[in-house]
Amino acid sequence: MMLDGKKLAASIYDQLSHSIKQIPDEITLGAVLVWGEDSPSMRYIRQKRRECKKIGMWFSLFQFEKNISQNELIQELEKLNNDDIITWYIVQLPLPEHIDESEVIKHISPIKDVDWFHPENQGKVMLADPSWFTPCTPAGVMKLMHEYDVPLPGKHVVIIWKSNIVGKPLIQLCISQWATVTSCNSKTPDLSLFTKMADVVIVATGKAYLLTHDMLGKHTSVIDVWFSVINGKVCGDAEYDSIISHWHNITPVPGWVWPMTVAMLLSNTLSAYEKQSRS
Ligand code: GUN
């Protein structure tokens, strides 16, 4: 069965739009973008702006030249941290190579960080308190599994890749749901040894067609998070056609987990507003 993140994201947008209509205030999401017209980040940003507009949230873009220095960028974040209008913002990743992403993320104010990337917020994911937020892609993956009845308690989840924004938070989130979790990476000698034993495989490497149906046991669910572009074609990390024809659940690429990421970002932003108005 196809796990349809696009359909699920659309229903989340309907709920968000309905909630925003009841709110007297304007909610604004700020976004910092470094780099020009044709970067992957620009494409992500366009989608975020489009979805904000559809649900009635304001979107404020702070765009900087590709050659901005790390220090200059950090100074710009400090300005946003002190800006009363921009209550929440994100720094769109990836950043150009000369900038150390981890260092920049440390300078986002943790209370304005609706991506939930700041080390303080990432630490809270470890503690699994539902009153906090979750980084957007892991939140989207968890929601997708929940809505499509992919059970986790007592199941074996294999997570391929260990990035700070996807792989590591997912390890924590799956453990919190009583799954047995194996974390694999590019140095794992024989991936299929683990994937064959998995009930769920979450793959986020950006390596085209790394996961094939012969690497899976029966009825495994596959969540394919990332993508690569080969000869102009967007390819998933998993070989969708052969995997779905062998009775597995799978998210197709392009476009099925990413809409969930954006939906979770806007959902975090609305929740941040609601928390602030209650306090
Ligand atoms: N780049 C890829 N995924 C994300 C995300 O969830 N947030 C931001 N800010 N950048 C990203």
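Our structure is the block above this text.
Basis of the calculations
Residues numbered from 1 in each chain as written. Predicted model: local features only at pLDDT ≥ 70, side-chain atom pairs only at ≥ 80, totals over all residues. Heavy atoms only, no water. Pairing = 2+ DSSP bridges. Helix = DSSP H or I, 4+ residues; strand = E, 2+ residues; numbered from the N terminus. Contact = heavy atoms within 4.5 Å. Axes fitted to C-alpha atoms, helices over the stretch in contact; angles between N-to-C directions. Near = heavy atom within 4 Å. Polar contact = N/O pair within 3.5 Å; in protein donor to acceptor, adjacent residues only side chain to side chain. Areas by Shrake-Rupley, 256 points an atom, 1.4 Å probe, with all protein chains shown as cover. Nonpolar A, V, L, I, M, F, W, Y, C, P; charged D, E, K, R; others polar. 1 Å grid on protein atoms, 1.4 Å probe; cavity = no way out; pocket = protein on both sides within 12 Å on 5 of 7 lines; lining within 4 Å. Points joined across faces, edges and corners; volume = space filled by probe spheres on them. Phe/Tyr/Trp six-rings, centres within 6.5 Å; stacked < 30°, edge-to-face > 60°. Buried < 20%, exposed > 50% of the residue type's maximum accessible area, 1.4 Å probe, protein only. Lys NZ or Arg CZ within 6 Å of the ring centre and 35° of its normal.

### Here we look at the sheet that holds strand β4 (residues 156-160)
Pairing in this open sheet of five strands is parallel, and the strands run β5-β4-β6-β7-β10 from one edge to the other. Strand pairing shows two members of the sheet lacking a second neighbour, β5 (180-184) and β10 (249-250), which therefore form its edges. Examined bridge by bridge, strand β7 (residues 221-224) and β10 share two bridges and lie parallel to one another. Across the sheet, the residue bridging to valine 222 is isoleucine 250, located in β10. With respect to the sheet, helix α7 (residues 167-176) is in contact with β4, β5 and β6 (200-203), its orientation differing from that of β4 by roughly 170 degrees.

### A few points about unusual backbone geometry
Note the cis peptide between leucine 93 and proline 94, where omega equals 5 degrees. Among the secondary structure elements, proline 94 is positioned in the loop between β3 (88-91) and α4 (101-105). A positive phi angle, close to 55 degrees, is found at histidine 219, a residue other than glycine. Along the chain, histidine 219 turns up in the loop between β6 and β7.

### Some points on the site of the ligand
In the region of the ligand, the neighbouring residues are Lys48, Val91, Gln92, Leu93, Asp115, Phe117, Trp226, Trp258 and Thr261. One nitrogen or oxygen atom from the main chain of leucine 93 is found 2.9 Å from a nitrogen atom belonging to the ligand. Coverage of the ligand by the protein chains reaches 96% of its 280 Å² of free accessible surface. Of the residues contributing to the shell around the ligand, the split by class is five nonpolar, two polar and two charged.

### What to know about the layout of surface pockets
The space that makes up the largest pocket amounts to roughly 740 Å³. Lining the largest pocket are 27 residues; nearest its centre among them are Pro130, Thr134, Ala139, Met142 and Leu173. Elements supplying a minimum of two residues to the lining of the largest pocket: α5 (119-127), α6 (136-147), α7 and α10 (258-278). Broken down by class, the residue content of the lining of the largest pocket amounts to 14 nonpolar, eight polar and five charged.

### Overview of the packing of aromatic side chains
Evaluated as defined, the whole model comprises three aromatic pairs. Between tyrosine 44 and tryptophan 258, the aromatic rings sit 4.3 Å apart at their centres with planes inclined by 35 degrees, giving tilted as the arrangement. Note that tyrosine 44 is positioned in helix α2 (residues 40-55) and tryptophan 258 in helix α10, a separation of 214 residues in sequence. We note that tyrosine 44, like tryptophan 258, is buried. Pairing tryptophan 226 with phenylalanine 227 gives two aromatic rings, centres 5.5 Å apart and planes at 45 degrees, and the pair type is tilted. When its relative accessible area of 26% is taken as the criterion, phenylalanine 227 is described as partly exposed. The lysine or arginine in question, lysine 275, covers the ring of phenylalanine 133, its NZ or CZ lying 5.5 Å from the ring centre.

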